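In case you want the letters, here they are:
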Amino acid sequence: MPTTYTDLIADVRKQTKEVSLDELKRRLETKEPMVLLDVREKEEYRAGFIPGAISVPRGFLEIQIEQRVPDKNAHVVAYCAGGTRSALAAATLQSLGYTHVETANPGFVRWKDLGYPMEPPQLTDSQRDRYSRHILLPEVGEVGQAKLLKSKVLLLGAGGLGSPAALYLAAAGVGTLGIVDADVVDASNLQRQILHATSRVGMPKVESAAIALKDLNPDVKVVPHQERMTSANVERLFEAYDLVVDGTDNFPTRYLVNDASVFLGKPVVHGSIFRFDGQVTTFVPDKAAKKLGINGGVGGPCYRCLYPEPPPPHLAPSCQEAGVLGILCGIIGTLQATEAIKLLLGKGEPLVGRLMTYDSLKMQFRGLRLRRDPACIVCGPKPTITTYIDYEGFCAIG
Ligand SMILES: [Zn+2]
């Protein structure tokens, strides 16, 4: 039995497998599968850490580890500043039943001195405070929150669906929000378009949106695009963004958005509403699936897989006369924002190849499978549509 601290550490070190920093660096470079566990205090982790490391301070190890690392056969490499705390942590993990535990020797202080790669501090103190409820979620954490802050989302429309989506994305700390809308705020919008306000009637919607969003969260850069989307500007608008939240419910835009999504490899979260019903789906083309690692790199159907061409104008629903339950926009727009956040974080199962429908009168959600058309005219192997088409003659609601 060890009798002193020195004996205890010597004993623990004998029982745990050690990894040199050079070997750890090599494994990182070759992307060997492992769980890199930083057992230092939160403050030390926040000042910088080894890329990919998850933070579980030693004092919380027993309480948190099974939630953070459920697989007891995972290959775990623990590190601390100098190698002592991580050796103790490794011993604890072994006693909890983890079978492949190693400890880095010496530790982060030396790693940093050697100039090996490290993640710089992620968030400021005020951001840690603002996003604390996100940071507490292991699926988000500081790394996920920093990812959101670096993300760029383009919102098509600052109307019924764009309003709640923009508010929640801004609140969540999505760092850049581009908003495309050519309209001005009208009193009849305010029944559902909660981004705007009575005092801003007559103001361009993109300006009104920027005021509301900046007031909600000054971390967010709002980029106003006061223009209608056409074949001439769609690529310029899409280019700078990671994903698109589409809340414009008209056929010409829907097809432009779809084709740009396929051509440029941008995911699109699509939402639409009609009277008491709404629906949401997420289009992820192959290129985007590969980039984001969704669905094993295989994309889902595109809009043209389902509806290759728009209906003739005289058969399209006349939206001028269609009413919409205002609060329905809140549900659908918020579902769209949820999908966007999941895609940006790379967590959960997006609505790829699935359509979620919502009937507010029956209070019923349904999920429908959407199939990819192997001979699709835009996302298939032999596309016949390779440039943008401006369809005419449809109205817009939102
Ligand atoms: Zn398709």
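Everything in this summary refers to the structure shown in the same document. (Residues numbered from 1 in each chain as written. Predicted model: local features only at pLDDT ≥ 70, side-chain atom pairs only at ≥ 80, totals over all residues. Heavy atoms only, no water.)

**Thoughts on the coordination of the zinc ion**
Put simply, the test is: Atoms of type N, O and S within 2.8 Å of a metal are treated as its donors, and for Na, K and Ca the window is 3.2 Å; water is not considered, so some sites may appear to be missing partners. Sites are called tetrahedral only when four donors show all angles between 85 and 135 degrees, square planar or octahedral only when four or six donors show opposite pairs over 155 degrees and all other angles between 65 and 115, and irregular in any remaining case. By definition, any uninterrupted DSSP run of H or I lasting at least four residues is a helix, any uninterrupted run of E lasting at least two residues is a strand, and each is numbered from the N terminus.
Here the zinc ion is held by the protein donor atoms Cys302 (SG), Cys305 (SG), Cys376 (SG) and Cys379 (SG), which lie 2.3 Å from it. Given four donor atoms and angles of 96 to 122° at the metal, the environment of the zinc ion is assigned as tetrahedral. Read from N- to C-terminus, the donor residues coordinating the zinc ion fall into the pattern C-x2-C-x70-C-x2-C. Here cysteine 376 lies in the segment after strand 13 (364–369) and cysteine 305 lies in helix 15 (residues 303–306), a separation of 71 residues in the sequence.

**Overview of the pattern of salt bridges**
Counted only if it meets this: Just to be clear on terms, a salt bridge is a Lys or Arg side-chain nitrogen sitting within 4 Å of an Asp or Glu carboxyl oxygen. Relative accessibility under 20% of the residue-type maximum defines a buried residue, over 50% an exposed one, and the middle range a partly exposed one, all with a 1.4 Å probe and only protein chains included.
Here the structure, examined in full by the defined rule, presents 20 salt bridges. Here arginine 27 ties to glutamate 23 by a salt bridge, and the two come within 2.8 Å at their closest N and O atoms. Here the residue arginine 27 and the residue glutamate 23 both occupy positions in helix 2 (residues 21–29), the gap between them amounting to four residues, near one helical turn. Judged by its relative accessible area of 9%, arginine 27 is buried. Look at glutamate 23 and you get partly exposed, because its relative accessible area is 25%.

**Overview of the pairing of strand 9 (residues 243–246)**
Stated precisely, the cut-off is as follows: Note on pairing: DSSP must find at least two bridges between two strands before they are called paired. When the strands point away from the viewer and the path from the first strand over the helix to the second turns clockwise, the crossover is right-handed.
Both faces of strand 9 are covered, namely the face carrying Leu243 and Val245 and the face carrying Val244 and Asp246. Pairing of strand 6 (residues 152–156) with strand 9 involves four bridges; the strand directions are parallel. Residue pairing across strands places valine 153 opposite leucine 243, the latter belonging to strand 9. The pairing of strand 9 with strand 10 (residues 268–274) spans three bridges and is parallel. Considered in strand 10, the bridge of valine 245 is made with valine 269. Between the parallel elements strand 9 and strand 10, the chain passes through helix 13 (residues 251–264) in a crossover that is right-handed.

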